[in-house]
Amino acid sequence: MYTSDFMPTPSPFSLQGKTALVAGASRGIGLAIAKEIAAAGAHTILAARSADKLHQEVEALKAQGLSADARTLDVSSNDKVDEACKEIPDLDILINVAGTNVRKRFEDYTPEEYNLILQTNLHGIVRLTQILGKRMVDRGTGGKIVMIGSLTSLIAFPFLSPYAITKSGLWGLTRVLAAEWGRYNIQVNCIAPGFIETDLNREMWKPQFMRDWLRSGQANPRLGTPEDIAPLAVFLSSRGSDYVTGQCIAVDGGFTTTGIWPFEPPK
Ligand code: NAP
């Protein structure tokens, strides 16, 4: 019943008063996530290697009246992760987006390519999560960790074996940390983006036959955008998702759950 002293409860999706770090926020999916996290009210730290781009994006967010900061972070070396973490404050929300890929036949990967993908997508993220997650545990006020996995966390595609190893690893780590840190009120979830057009794959999606293939087999037939991913990251960072943990949620236009065929039933 409405009374004059009715106070609207804050939105369960508000991130007001929270501090978030988006690792890999200089462009693509990470930047879109950082913008939405900031718009939801969190003090948002954008981290990646491209310092100039980060500062530019932070200034743009501040110009909108949002709270943001930039930190240089290179997850391709654990020593650099350790160093960067010294400059990162305690967090309520950690979103691990940084990633890279090289598409090749399994038998053709060089040790250098393999090591770069494993270190960037998995070992560096593991190290970052260990350091910043431990601080969340020690602080005792709960927290949210969101991993950006991939459809290769769930199903297989050819010619990206090291990438699939890393993304399967992140999904495994998500479940273990959800189990291990649930007692500290830390929720850990994974987003598996589908086919999202970014610098990471723009070349691959140029040929018309690739887009035609998607159109013929996916419920929502278009390529995804980074902005399609960001709202779920906000939800998984908010108190609205306090009872959601250890999940991997695909944002893929239905690719992993639907099939399309040319059959039409008679009228
Ligand atoms: P992107 O546009 O190339 O962005 C990659 C981001 O990761 C950039 O901000 C980049 O920043 C950062 N990064 C790369 N190497 C880094 C390093 N050594 N240290 C710190 N940051 C690093 O690619 P994206 O498509 O947005 O990919 C973002 C994440 O989504 C990746 O983990 C990717 O695997 C995943 N994903 C993408 C798709 C897709 O279809 N696009 C699908 C599934 C999953 P700097 O270069 O400035 O360091």
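Our subject is the structure that appears above.
Small disclaimer: the values here were computed from a predicted structure and weren't measured.

**Student:** Any chance you could explain the nonpolar core here in plain terms?
**Tutor:** Buried together is how nonpolar side chains tend to be arranged in soluble globular proteins. With 41 residues, the main nonpolar core has Leu21, Leu91, Leu94, Leu128, Leu132, Ile145 and Met147 as its most contacted residues. Mapped onto this core, the elements with two or more residues apiece are strand E1 (19-23), strand E2 (43-48), helix H3 (78-85), helix H4 (111-139), strand E5 (143-148), helix H5 (161-181), strand E6 (186-193) and helix H6 (208-217). Looking at which element gives the most residues to this core, the answer is H4, with eight residues. With sequence-adjacent residues up to four places away left out, leucine 21 is seen in contact with Ile45, Ala47, Ile88, Leu91, Ile93, Leu94, Ile95, Leu128 and Leu132. In this structure, Ala20, Ile29, Ala70 and Val97 belong to the second largest nonpolar core, which totals 34 residues.

**Student:** Please explain the pairing of E5 as it appears in this structure.
**Tutor:** Within a regular strand, side chains alternate between the sheet's two faces. Counting buried positions along E5 yields six of six residues, so the element is predominantly enclosed. Side chains Gly143, Ile145 and Met147 project from E5 onto one buried face, and the interleaved Lys144, Val146 and Ile148 project onto a second face that is buried too. Sheet analysis places strand E4 (residues 93-96) next to E5, joined by four bridges and oriented parallel. By the bridge assignment, asparagine 96 is partnered in E5 with methionine 147. Note: E5 against E6, six bridges, orientation parallel. Bridging across to E6, isoleucine 148 finds its partner in isoleucine 191. Assessed by its sense of winding, the connection that carries the chain from E5 through H5 to E6 is right-handed.

**Student:** Even after reading the chapter, I still don't get the site of the ligand, so can you show me in this structure?
**Tutor:** Residues in contact with the ligand amount to 30 residues; listed here are only the nearest, Arg49, Ser50, Val97, Tyr163 and Thr198. Between the ligand and glycine 24 there is a distance of 3.3 Å, counted from an oxygen atom to a backbone nitrogen or oxygen. A distance of 2.8 Å is found between an oxygen atom of the ligand and a side-chain nitrogen or oxygen belonging to serine 26. For the ligand, the protein covers 96% of the area, taking 870 Å² as the surface of the free molecule. Elements supplying a minimum of two residues to the shell around the ligand: helix H1 (28-39) and H5. Partitioning the shell around the ligand into residue classes produces 13 nonpolar, twelve polar and five charged.

**Student:** Whenever I open this one, the environment of alanine 51 confuses me. Can you help?
**Tutor:** Within the fold, alanine 51 resides in helix H2 (residues 51-63). Put simply, alanine 51 and arginine 71 are 20 residues apart on the chain and 7.4 Å apart in space, counted from C-alpha to C-alpha.

**Student:** For this particular structure, what's the right way to read the sheet that holds strand E3 (residues 68-72)?
**Tutor:** The strands that make up a sheet pair up through hydrogen bonds in the backbone, lying either parallel or antiparallel. The strand order E3-E2-E1-E4-E5-E6-E7 describes an open sheet built from seven strands, whose pairing is parallel. Two strands in the sheet have a free side with no partner beyond their single neighbour: E3 and strand E7 (248-251). If you compare each strand with its neighbour and ignore which way they point, the axes differ by 20° on average. Each of E1, E4, E5 and E6 is contacted by H4, which is oriented at about 170° to E4, the strand it contacts most.

**Student:** Which parts of the structure should I look at to understand the environment of glycine 99?
**Tutor:** For glycine 99, the location among the structural elements is in the loop between E4 and H4. Owing to a relative accessible area of 38%, glycine 99 belongs among the partly exposed residues under this scheme. Between the C-alpha atom of glycine 99 and that of serine 11, which follows or precedes it by 88 residues, the distance is 32 Å. Discounting residues that sit within four places of it in the chain, glycine 99 has contacts with Thr120, Asn121 and Leu200.

**Student:** What should I look at first to understand the pattern of salt bridges in this one?
**Tutor:** Side-chain pairs of opposite charge can arise whenever the charged atoms involved come near each other. As enumerated under the stated definition, the model contains 16 salt bridges in all. The partner of aspartate 242 in a salt bridge is lysine 144, and the shortest N-O contact between them spans 2.8 Å. Of this pair, aspartate 242 sits in the loop between helix H7 (226-237) and E7 while lysine 144 sits in strand E5; the two residues are 98 residues apart in sequence, bridging distant segments of the chain. Taking relative accessible area as the criterion, aspartate 242 reaches 37% and is therefore assigned partly exposed. What makes lysine 144 buried here is its relative accessible area of 5%. Across the pair aspartate 199 and arginine 202 runs a salt bridge whose closest N-O atoms are separated by 2.8 Å. Arginine 202 gets classed as partly exposed once you look at its relative accessible area, which sits at 36%. Each of the salt bridges in this network shares a partner with another, and the network as a whole consists of Arg27, Asp199 and Arg202.

So, how was this worked out
Residues numbered from 1 in each chain as written. Predicted model: local features only at pLDDT ≥ 70, side-chain atom pairs only at ≥ 80, totals over all residues. Heavy atoms only, no water. Core = buried A, V, L, I, M, F, W, Y, C linked by side-chain atoms within 4.5 Å. Buried < 20%, exposed > 50% of the residue type's maximum accessible area, 1.4 Å probe, protein only. Helix = DSSP H or I, 4+ residues; strand = E, 2+ residues; numbered from the N terminus. Contact = heavy atoms within 4.5 Å. Pairing = 2+ DSSP bridges. Right-handed = clockwise from strand over helix to strand, strands pointing away. Near = heavy atom within 4 Å. Polar contact = N/O pair within 3.5 Å; in protein donor to acceptor, adjacent residues only side chain to side chain. Areas by Shrake-Rupley, 256 points an atom, 1.4 Å probe, with all protein chains shown as cover. Nonpolar A, V, L, I, M, F, W, Y, C, P; charged D, E, K, R; others polar. Axes fitted to C-alpha atoms, helices over the stretch in contact; angles between N-to-C directions. Salt bridge = Lys/Arg side-chain N within 4 Å of Asp/Glu carboxyl O.

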